[in-house]
Amino acid sequence: MRFSVTVFPGSNCDHDCEYVLRDVEKQNVEMIWHKDTDLKNPDCIIVPGGFSYGDYLRTGAIARFSPVMKSVADFAAKGGLVIGVCNGFQILCEAGLLPGALIRNKTLKFICQSVYIRVEQTNTPFTNACKPGQVLKIPIAHGEGNYFIDADGLKKLKDNNQIVVRYCDVNGQLTPESNPNGSLESIAGVCNVSRNVFGLMPHPDRSGEAILGSHDGHYIWQSILSAKVGAR
């Protein structure tokens with residue numbers, strides 16, 4: 001498959017994504033500068049983690065207006081696969097490609113640690129290689145990972161089965177202790193109604209090899225590869 005990874009001023013996980021996709025998963029990868037509008041004909045776009053524009057104003061709020069995001073929105077509207085990781089998730093929410101918002105962690109502190117997430121939905125292009133209820137160990141690194149949405153929005157998420165993964169403990173149980181940032185109902189990742197756009201706070205790009213302490217990010221990438229879907 002062909003992947004395009006967007007690059008914003010302040011991105012710091014763009015090359016993590018490039019490495020795991022090109023050198024571990026053996027796929028074609030193009031890096032797309034935020035001022036460019038040519039996405040290089042991808043099957044899937046990755047909006048990576050980092051601190052786009054220094055997270056000034058509000059996380060993702062400035063990046064949302066970068067020229068590349070108009071192309072990303074058009075690509076998604078045509079059914080192309082888009083995954084936003086961490087800051088990428090924040091950008092997709094700011095751009096209106098995903099519902100909800102990411103606010104400050106409940107501790108008001110930056111958190112960098114491995115967490116467990118439970119796969120709630122496997123009928124997405126991003127989780128089809130997983131089993132229902134499967135627990136993945138994937139690291140987080142964020143200060144604003146607290147997912148919030150109003151009551152009406154939460155109802156729509158549930159009605160449309162858009163809550164894809166939740167924070168959990170090693171046994172798959174949802175507990176206050178296993179929710180690192182205070183996210184509403186332990187939500188760690190959601191998709192859009194059409195299921196071709198996905199936002200995930202934990203970093204599959206940082207769990208692509210066993211030497212890193214977990215290879216579970218591989219399930220996310222393999223799901224995308226298995227989907228074989230994309231606008232060209």
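These notes cover the structure that comes with them. (Residues numbered from 1 in each chain as written. Predicted model: local features only at pLDDT ≥ 70, side-chain atom pairs only at ≥ 80, totals over all residues. Heavy atoms only, no water.)

**Here we look at helix 2 (residues 67–77)**
Inference 1: All of the buried residues in helix 2 are Val68, Met69, Ser71, Val72, Phe75 and Ala76. All buried residues of helix 2 lie within an arc of 155° about the axis, which places them on one face of the element. Across from the buried face of helix 2, at angles greater than 90 degrees, the exposed residues are Lys70 and Ala77.
Inference 2: Those residues of helix 2 that are buried are in contact with strand 1 (2–7), strand 2 (28–33), strand 3 (44–47), strand 4 (81–85), helix 3 (87–94) and strand 11 (197–200).
Inference 3: Looking at the residues trailing helix 2, positive phi occurs at glycine 79, about 100°. (Buried < 20%, exposed > 50% of the residue type's maximum accessible area, 1.4 Å probe, protein only. Helix = DSSP H or I, 4+ residues; strand = E, 2+ residues; numbered from the N terminus. Arc of directions from axis to C-beta. Contact = heavy atoms within 4.5 Å.)

**Focus on the sheet that holds strand 10 (residues 187–191)**
Inference 1: Taking strand neighbours across the sheet as the criterion, the 9 strands line up as 2-1-3-4-11-10-9-6-7 in an open arrangement whose pairing is mixed. Sheet topology places strand 2 and strand 7 (135–142) at the edges, where each strand pairs with a single neighbour. Between one strand axis and the next, the sheet turns by 25° as a mean value, whatever way the strands run. (Pairing = 2+ DSSP bridges. Axes fitted to C-alpha atoms, helices over the stretch in contact; angles between N-to-C directions.)

**Comments concerning the nonpolar core**
Inference 1: With 60 residues, the main nonpolar core has Ile46, Val82, Ile83 and Ile117 as its most contacted residues.
Inference 2: The element that contributes the greatest number of residues to this core is helix 2, accounting for 5 residues.
Inference 3: With residues up to four places along the chain from it excluded, the contact list for valine 82 reads Ile45, Val47, Val72, Phe75, Ala76, Leu92, Phe126, Asn196, Val197 and Phe198. (Core = buried A, V, L, I, M, F, W, Y, C linked by side-chain atoms within 4.5 Å.)

**Comments concerning the side chain of histidine 142**
Inference 1: As for its placement among the helices and strands, histidine 142 is situated in strand 7.
Inference 2: With a relative accessible area of 2%, histidine 142 lands in the buried category.
Inference 3: Side chain to side chain, histidine 142 and asparagine 181 meet in a polar contact 2.9 Å long.
Inference 4: Apart from the residues within four sequence positions on either side, histidine 142 is in contact with Cys86, Asn105, Lys109, Phe110, Ile111, Tyr167, Asn181 and Met201. (Polar contact = N/O pair within 3.5 Å; in protein donor to acceptor, adjacent residues only side chain to side chain.)

**Notes on the packing of aromatic side chains**
Inference 1: One pass over the structure, following the stated rule, counts 3 aromatic pairs.
Inference 2: The residue whose ring lies beneath arginine 64 is phenylalanine 65, and the NZ or CZ to ring-centre distance is 4.7 Å. (Phe/Tyr/Trp six-rings, centres within 6.5 Å; stacked < 30°, edge-to-face > 60°. Lys NZ or Arg CZ within 6 Å of the ring centre and 35° of its normal.)

**Concerning the pattern of salt bridges**
Inference 1: One pass over the full model with this rule turns up 11 salt bridges.
Inference 2: Notably, a salt bridge pairs glutamate 144 with arginine 104, separated by 4.0 Å at the nearest N-O pair. Of this pair, glutamate 144 sits in the loop between strand 7 and strand 8 (146–148) while arginine 104 sits in the loop between strand 5 (101–103) and strand 6 (111–119); the two residues are 40 residues apart in sequence, bridging distant segments of the chain.
Inference 3: Measuring nitrogen to oxygen at the nearest pair gives 2.8 Å for the salt bridge that ties glutamate 120 to arginine 166. Pair noted here: glutamate 120 is in the loop between strand 6 and strand 7 and arginine 166 is in strand 9 (residues 163–168), with a separation of 46 residues, a long-range link.
Inference 4: Given a relative accessible area of 24%, glutamate 120 falls into the partly exposed group.
Inference 5: The class for arginine 166 is buried, based on a relative accessible area of 11%.
Inference 6: Among the charged side chains, a network of salt bridges with common partners joins Arg118, Glu120, Lys158, Arg166 and Glu185. (Salt bridge = Lys/Arg side-chain N within 4 Å of Asp/Glu carboxyl O.)

**Focus on the pairing of strand 3**
Inference 1: Residues Cys44 and Ile46 of strand 3 are buried on one face, and the alternating residues Ile45 and Val47, pointing to the opposite face, are buried as well.
Inference 2: In terms of strand pairing, strand 1 meets strand 3 through 3 bridges, oriented parallel. When the sheet's bridge partners are listed, serine 4 is paired in strand 3 with isoleucine 45.
Inference 3: Of the strand pairs in this sheet, strand 3 and strand 4 are connected by 4 bridges, and their pairing is parallel.

**Some details on a nonpolar patch on the surface**
Inference 1: Among the surface-exposed residues, Tyr56, Leu57 and Ile62 lie close enough to one another that they form a single nonpolar patch of about 370 Å² accessible area.
Inference 2: Summarising the element assignment, leucine 57 is placed in the loop between strand 3 and helix 2.
Inference 3: Using a relative accessible area of 72% as the deciding quantity, one classes leucine 57 as exposed. (Patch = residues over 30% accessible without salt bridge, like charges linked within 9 Å, V, L, I, M, F, W, Y side chains within 5 Å. Areas by Shrake-Rupley, 256 points an atom, 1.4 Å probe, with all protein chains shown as cover.)

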